[in-house]
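Descriptive analysis of the structure
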Amino acid sequence: MAVAQVPRNFKLLAELEKGEKGLGAGACSYGLEDPEDILMTHWRGTIWGPPHGNHENRIYELKMECGPNYPKEPPTIHFVNQINLPGVNQTDGKVDKNSVAILRDWTRIATELAKNPRPKEDPLSLETALIAIRKYMEEHKKLPQPPEGSKYAIYK
């Protein structure tokens, strides 16, 4: 038996409400880049650097794009602030989806969720992507980092 799919905009509206009310994880925040973006495609996110490493006390800004096939396909995510992290393109800050488990497995999980009832907490969201990236940063917290506040050239 097929389960009804939540339309893209309904899901994004729910994510927007959660992000704006600050109901999610305290170490990450997110919202629309432009409040007039009626397609809810372009988002901004923030990750507070994990403690006890070279990311500590740093705030990282990210750009996220939810394409027309979101949530069946993962968002495209770019760091605005320069970061030395495996799987992040050093020219434009794009996160390679194969580097972060939730992004790599997103399509498979979405396919499984389409066949089965949704769990209480949605495992596929902008928030879960940001939390997974923060965890990935924590795994690489000893890598030397560019000067704080430096941005990729395309965002200067």
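Our subject in this report is the structure included herewith. All residue numbers here refer to positions counted from 1 along the written sequence of the relevant chain. Residues qualify for local features only when their pLDDT is at least 70, as the model is predicted, and side-chain atom pairs are given and counted only at 80 or more; totals for whole chains, interfaces and linings, by contrast, use all residues. To get the side-chain values, take all heavy atoms of the structure and skip hydrogens and water.

Regarding the overall build of the protein
Helix and strand assignments follow DSSP, with helices taken as H or I runs no shorter than four residues and strands as E runs no shorter than two, numbered in order from the N terminus. Looking only at helices and strands, the protein has three helices and four strands in total. For the protein, the N- to C-terminal ordering of α and β elements is α-β-β-β-β-α-α. With the C-alpha coordinates of the protein rotated into their principal frame, the extents come out at 50 × 35 × 30 Å. Remark: exposure states derive from per-residue accessible area (1.4 Å probe, protein chains only) relative to the maximum for the residue type, with buried under 20%, exposed over 50%, and partly exposed in between. A total of 156 residues make up the protein; the buried ones form 41% of that total. Any two residues having at least one pair of non-hydrogen atoms within 4.5 Å are treated as being in contact. For the protein, long-range pairs separated by at least 24 residues make up 58% of all intrachain contacts whose partners lie at least 6 apart in sequence.

Section: the layout of surface pockets
In this structure, the second largest pocket spans a volume of roughly 210 Å³. With a 1 Å grid spanning the protein atoms alone, the term cavity applies to any set of points in which a 1.4 Å probe fits but cannot get out, the term pocket to an open set with protein on both sides within 12 Å along at least five of seven lines, and the term lining residue to any residue with an atom within 4 Å of a point. Lining the second largest pocket are 14 residues, and of these Glu 73, Pro 74, Pro 75, Thr 76 and Lys 97 sit closest to its centre. Side-chain classes follow a simple rule in which Ala, Val, Leu, Ile, Met, Phe, Trp, Tyr, Cys and Pro form the nonpolar group, Asp, Glu, Lys and Arg form the charged group, and the remainder, Gly included, forms the polar group. Classifying every residue of the lining of the second largest pocket gives six nonpolar, three polar and five charged. Grid points are joined across faces, edges and corners, and a volume is the space filled by probe spheres set on the points.

Section: the environment of Pro 75
Relative to the elements of secondary structure, Pro 75 occurs in the loop between β3 (59–65) and β4 (76–79). For Pro 75 and Cys 28, which are 47 residues apart along the polypeptide, the C-alpha to C-alpha distance reads 16 Å. Not counting residues within four places of it along the chain, the set of residues in contact with Pro 75 comprises Glu 65, Cys 66, Tyr 70, Leu 103, Trp 106 and Leu 126.

Some details on the environment of Glu 148
Mapped onto the fold, Glu 148 is located in the segment after α3 (126–139). The spacing of Glu 148 and Lys 94 is 54 residues in sequence and 18 Å in space, taken between C-alpha atoms. Leave out the neighbours within four places in its chain, and Glu 148 touches Asn 57 and Arg 58.

Brief notes about the nonpolar core
Counting residues in hydrophobic clusters, the biggest one holds 38 residues, and the most contacted among them are Trp 43, Phe 79 and Ile 133. Of all the secondary structure elements, the ones that give two or more residues to this core are α1 (8–21), β1 (28–32), β2 (42–48), β3, β4, α2 (101–115) and α3. Element by element, the count of residues in this core is highest for α3, at seven residues. Once you skip the residues sitting within four places of it in the chain, Ile 133 turns out to touch Ile 47, Leu 62, Ile 77, Phe 79, Val 95 and Val 100. The nonpolar core is taken to be a set of buried Ala, Val, Leu, Ile, Met, Phe, Trp, Tyr and Cys residues, with the residues joined through side-chain atoms within 4.5 Å.

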